[in-house]
Amino acid sequence: MFEPLPQYPDHLALEEEILAWWDAEHVFDRLRERNRGGPPFGFMDGPITANNPMGAHHCWGRTLKDVFQRYKALQGHDLRYQNGFDCQGLWVEVGVERELGLNSKREIEEYGIAEFAQRCKERVAKYAEIITDQCRRLGMWMDWGNDYYTFSDTNIEYIWRFLKECHERGWLYKGHRSVEWCPRCGTSLSQHELINSYAELTHPSLYVRFPLEGRQGESLVVWTTTPWTLPANVAAAVKPDAEYGLTDGGDWWAVERNPDATFVRRVRGEELVGQEYEGPFDSLPAQEGVVHRVIPWDEVALTEGTGIVHIAPGCGAEDFELSRVHDLPVLTPIDEAGNFYKEYGEFEGRSTQDVEGPVVVELERRGLLVEAGSIVHRYPICWRCSTPLVFRIADDWMIRADEIRQPMLDANATVQWTPDFYSKRMDDWLRNMGDWNISRSRYFGLPLPFYPCDSCGRLTVVGSLDELRGRATGGLEQLKELHRPWIDDVPIRCDCGAELKRVPEVGDAWLDAGIVPFSTLGWENPEWKEHGYATGAAAGLTGADLPDHAYWEKWFPAHWVSEMREQIRLWFYSQCFMSVTLTGKSPYLSVLTYEKLLDEHGREMHRSWGNAINAAEALQNIGADVIRFMFCEHVPSQNLKFGYGPAAEIRRRLLTLWNSVKFFVDYANVGGFRPGPEVPGELQPLDRWLLERTEQLAAEMTDAYERYWTPALIRAFDSFVDDLSNWYIRRSRRRFWNGDEVALWTLWYALVRSLQVIGPVMPFLADYLWRRLRAEDATDSVFLAPWPEPRARDEQLLHEVAEVRRVVELGRQARGDASIKLRQPLRRLVVQGARSAQPHADEIAEELRVKEVEFGPVEAMEVRVKPNLPLLGPKLGKELGAVRSALEAGEFEQLAGGGVRVNGRELAPEEVLVERRPRAGWALAEDDAVTVAVTTELDDELRLEGRVLDLIHQLNSMRKDAGLALTDRIRVTLPASLADLLEHADWIKEEVLATEIATDSVSEPEIELQGSDPEGV
Ligand SMILES: [Zn+2]
Ligand SMILES: [Zn+2]
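How each quantity is defined
Residues numbered from 1 in each chain as written. Chains lettered and ligands numbered in written order. Predicted model: local features only at pLDDT ≥ 70, side-chain atom pairs only at ≥ 80, totals over all residues. Heavy atoms only, no water. Buried < 20%, exposed > 50% of the residue type's maximum accessible area, 1.4 Å probe, protein only. Helix = DSSP H or I, 4+ residues; strand = E, 2+ residues; numbered from the N terminus. Arc of directions from axis to C-beta. Contact = heavy atoms within 4.5 Å. Donors = N, O, S within 2.8 Å, 3.2 Å for Na, K, Ca; no water. Tetrahedral: all angles 85-135°; square planar, octahedral: opposite > 155°, others 65-115°. Salt bridge = Lys/Arg side-chain N within 4 Å of Asp/Glu carboxyl O.

Draft legend 1. Up close: helix 30 (residues 985-992). Along helix 30, the residues that are buried comprise Ala985, Ile988, Glu991 and Val992. Projected down its long axis, helix 30 shows its buried positions confined to an angular sector of 135°, all on one face. The secondary structure elements touched by the buried residues of helix 30 are helix 22 (710-737), helix 29 (940-961), strand 38 (970-975) and strand 39 (994-1000). Positive backbone phi, at 55°, marks Leu993, one or two positions downstream of helix 30.

Given below as C-alpha cells:
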C-alpha cells in the first residue's frame, strides 16, 4: 500500500513534518557524510547582517544558495555549508541606538562605550538565532552552529593584516577632504554607500545679492538651496566665456539665465573675475579677514540658478577642490553632529536646518534677498538612518585604488557572471571606483590598527594580535576583545621610542565581509585550530574552526557566490579588492546575481508604507516550497513582484503534480501495485514516450542547474508535469481503471524521477512525496538518492509527440474560437505542417473528438486585404477608390514578402492590412508553422453523440458528488426524454462504470450504487 494523499496539499503542515523528520533522521548529516571526500564545491556565503529578522527579500538569495548547494550535493560534491553573520558597523550600532532610545554620539558616550558594545553583541546574538530559525524553516541546509561572525578577533586580525599590506604598498593615506556626512550618525560615508540612497526633499530656494566692492548699487546675484552654507561663503564663481549683464535694478546675472531682463551693461564672465564683493555674513568672527572675490570656473552651469555660483569650500566637494586651485580659505561651519561652531555667532549650536529661518530673516533685513521660494529635488540621505546628508571637511583614512584597478579588472575577466551582462557592470564600477574610504567615526566596529607618531611622524599599522602584544606598553590585561573601548586602552611603542595611541576611528563594515575568503579558510595559518575562529566577541556563539593553509588551498577561490546586484559595489567589490591585494586572484569563479524584491503591485516594500512582508510572515502564510518556487521561476535580472497573490497562483499550479501523484497512489492501491526495478510487461508506445520524456526532463534540469539558471528549471518542470498529467494520464485513463501494471510502473517511474530533479527547488514537497512513492530498497530521503545520469534519448519519438500535442492544442483553440465545446464531436480536421504527428492521427482524432484527421494543405482559409488608409490615402489620391473595390472583390495577387499586386500596382506590406480568416463552416488556429482547421457543421449523428458525452460528464460528476469509490458500480435511470441516447447504452455504461441503464418516470438522471438500498446512494 502507498500511503494515501489528502485531496489537497497542506504545505505548511507537510513542511513542518518533513523538517522534524530531517532532524530526527539526521538526513543532512548523512548526506554530508556520504559526500565527504568527494570533489569539492566551494561556496562562500555573503554574510547576512544579524541586526533584524529576515525580510522576504533575504529569502530570495537564501533560496538560490540552498538550491545550488543541494544540487551539487546530490551530484556527490563535498561542500562546506558555512553560514556567515555580519556583526559590526553602523547597521548594528543604529539598531542598538534605536533600541536604547539614543540619538547622538554624545548620548552613546554618556551611556558608555563598553556597555554599548555589550548591547551590540547581544543584539547580534539575538538576531543570529532568529535568522537561523528562519533559514531552517526555509529549508536551508547549512552547518548551523559553526557560522562565521565578522566580529571575531580572528576576522579582525586578518583585516589588520590586509591593512598592513596596504600600508606597506603605500596605499594608505589620511585624506583631508570634503565628504558626504551623516550628522545623526556623526560619520562620513564612502562612495559605495551613497549610490541609490536619495529622497525627494523640499529645500529653500534663495536668490541672494552679494554687493560689489567699489561699485555702488551693483550686486552679484547667486542662487542657493542650502542657506546654511552662506555664512561659510568665501567666493563667487562665474563662467569665463559666458555673457553676464547688469540689470537696470543693479543686479548681475548670466544673460542666458534672465532673458526677460533689461540689461544696461554686458560683459564676458572673465571681466568679472577678481572683483571683490561684500560677503553675506562678514560680521561673524569666522569671516574675519576673509576677502571675497569672483573666481573663474568652467563648470558653472547655465541650466539653473543665475550663472553665478556661491562657493563655500567647507561645505561642498567641488567648492573644496576650487579652494585648492584658487587658494581660498576653507571655513568649516559645522561639527560632527551637524551643529554650528561658536565662531558663527548667533548660529552657534544650531543645526543646518535650524539656521535656515534666521539666515533668510537676516538677508531680508539687509536688503540682500531677491527672492525666496522652495524647491523639491532628489537629495542624498543616509542609507541607514535616512537623515539628509551634508558636506563637511573631514580627515578620513583612505586606500588608494589606482594601482589595483587594472589587476581587479583582470581578475574580474576570469569570473563567469550570471546573467552575463553583470560582468560589465562590475567592470564599470571598478573603472570608476574612487579611493576606498575605510574609516568611520564610530564605536562598535573593526578597530583600525593605526598608530600615528607625533615625534617621528611615522605611522605604525599593527598587523596581528601578536604584534600588538609585542608592542604594547600596557593595558593588555583588560583587553577582552578587539573592540572599543578596550583596544583604546592598549598604547604601543613606536620604533622611535614614543608611546602611541590608536586613532579613534573604526572601519567600514565591508572590510569585515570582504576578508572572509581568508579568515574563514585559514589562509597562511600554520596549524589547524579547533574552534579557532570563535575568538573575541564570537566566542560562545560559534564552534567554527580556524583551518590551516592547506584547507585554504583546497577551498579558495570559491566556485560560486550569489548575492543581489547591489553587492557589485559592496561585497563582490570588497572581497575582490582584498583578494587581489593578497593573492592577485579573484576570490570567486562564478557569480549568480539578482535584482530587487518589490511588492506584488511593483512598488518598493517599506515598513512605513504597510506593504512590507517579512520572512516570518511569508513563511507562515505561504510556506517555503512555494516561496522557493517563486524565486526560482523569476528571471534574476528583473525586479520580482512578491506577494500573496502570486503565491496563491503557484500553489494552484502545483496541484497538477499533486493530483498526478494522488491519481497514481489511488489506482496503485486499488490494483495492489508495488514498484519493482524492472517494467512488469511490455511497454506501449505512450509508455515509451513518457520514459523518454522523463530522461529529457533530467537532462534539461541538469543543464539548467549547471548554468545556474533557475527559470529554465521551472520551465522544464512545468512542461514535463503538463505532459505527464494532460497527455500521459489523460490518454491512459482506461488502462489505469483496468489496473494495467505497465502503465502504473511507467507513471511511478516518471513521478519518482521528477521528484529527484525538482528536489533542490521544493525540498519539502519532494521529500514528502518521495517518502510515499519510493521503492522499498530506495533511500529514505530523495536527497540521499544518486542524481539521475542522463542517457541518449529517442529524439524522434519526443519530437513526434511534441508535435501531436501542438496540433491538439491548436485544435482546441480553433474549437474554442468557434465556441464549440470539446464534448461535441465534429466531422473533419485538417492539419497543415507538423508532418511528424501523422502516425498519431488516431490519437489526435480521439483527443479532438473528430471523425477524420487529414494531413495536407488547409484550404479552409480566405485572405482579405484592406488598404492602410493613412499611408495609401495620400499616395494614391483619386485612385484609392478603385484599389479599394478591387481589394474588396478579391481581385488581387499576394506577393512573396507580404505585399499585394492590385489594379496593376504593387503595394508594400505596410500599405495593406491582411486578414486571414476561416471560410464559412470551418474553425481554424495556427502558429508559425502549423495550421489546424476543423469543420463546424453538425449533423444528427454528431448532435446525438454530443448529448451522450454531456450525459457521461453529468453522471461522472454525480458519482464524484456522491463520494463513490473509483471501483463502485452503479445503476442509471434516465428520464424518458433521453430515451434516444440509449442507442449508445454500452458506451455510457463503460464510461460511468454502470451495470444497468434504463428510462423511467424521473425528471433528471439518477444514479444508485449497485446492490445498495434503492432509496439512493
Ligand atoms: Zn545616518
Ligand atoms: Zn615615532
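Draft legend 2. Expanded view of the coordination of the zinc ion (ligand 1). Those donors, Cys182 (SG), Cys185 (SG), Cys382 (SG) and Cys385 (SG), are the protein atoms that reach the zinc ion (ligand 1), and they lie 2.2 to 2.3 Å from it. If you look at the zinc ion (ligand 1), its 4 donor atoms make angles of 103 to 120° with each other, and the shape they trace is tetrahedral. Ordering the donors of the zinc ion (ligand 1) by residue number gives the pattern C-x2-C-x196-C-x2-C. The pair Cys182 / Cys185 is uniform in exposure class, with both members buried.

Draft legend 3. View of the coordination of the zinc ion (ligand 2). Surrounding the zinc ion (ligand 2) are the protein donor atoms Cys453 (SG), Cys456 (SG), Cys494 (SG) and Cys496 (SG), which sit 2.2 to 2.3 Å from the metal. On the primary sequence, the residues serving as donors to the zinc ion (ligand 2) are separated as C-x2-C-x37-C-x1-C. You can see Cys456 sitting in the loop between strand 20 (450-452) and strand 21 (459-461) and its partner Cys496 sitting in the loop between strand 22 (492-493) and strand 23 (499-500), a full 40 residues away along the chain.

Draft legend 4. Spatial organisation of the pattern of salt bridges. As enumerated under the stated definition, the model contains 84 salt bridges in all. Residue Glu110 pairs with Arg106 through a salt bridge whose shortest N-O separation is 3.0 Å. Note that Glu110 and Arg106 are positioned in helix 5 (residues 105-111) at a spacing of 4 residues, about one turn of the helix. Neither Glu110 nor Arg106 differs from the other in exposure class; each is exposed. A salt bridge links Asp488 to Arg484; its shortest N-O distance comes to 2.8 Å. Relative accessible area serves as the criterion here: at 19%, Asp488 is assigned to the buried category. By relative accessible area, which is 11% here, Arg484 ends up buried. Within this structure, Arg730, Arg731, Glu809, Arg812, Glu846 and Glu847 form a network of salt bridges that share partners.

Draft legend 5. Highlighting unusual backbone geometry. A cis amide bond, omega -10°, links Thr418 with the succeeding residue Pro419. Topologically, Pro419 is positioned in the loop between strand 17 (416-418) and helix 12 (422-432). Here the bond from Arg484 into Pro485 is cis, since omega is 0°, no more than 30 degrees from zero. For Pro485, the location among the structural elements is in the loop between helix 13 (465-471) and strand 22. Even without being a glycine, Asp327 presents a positive backbone phi close to 55°. Among the structural elements, Asp327 can be located in the loop between helix 9 (317-326) and helix 10 (356-365).

These figures capture arrangement, not role.
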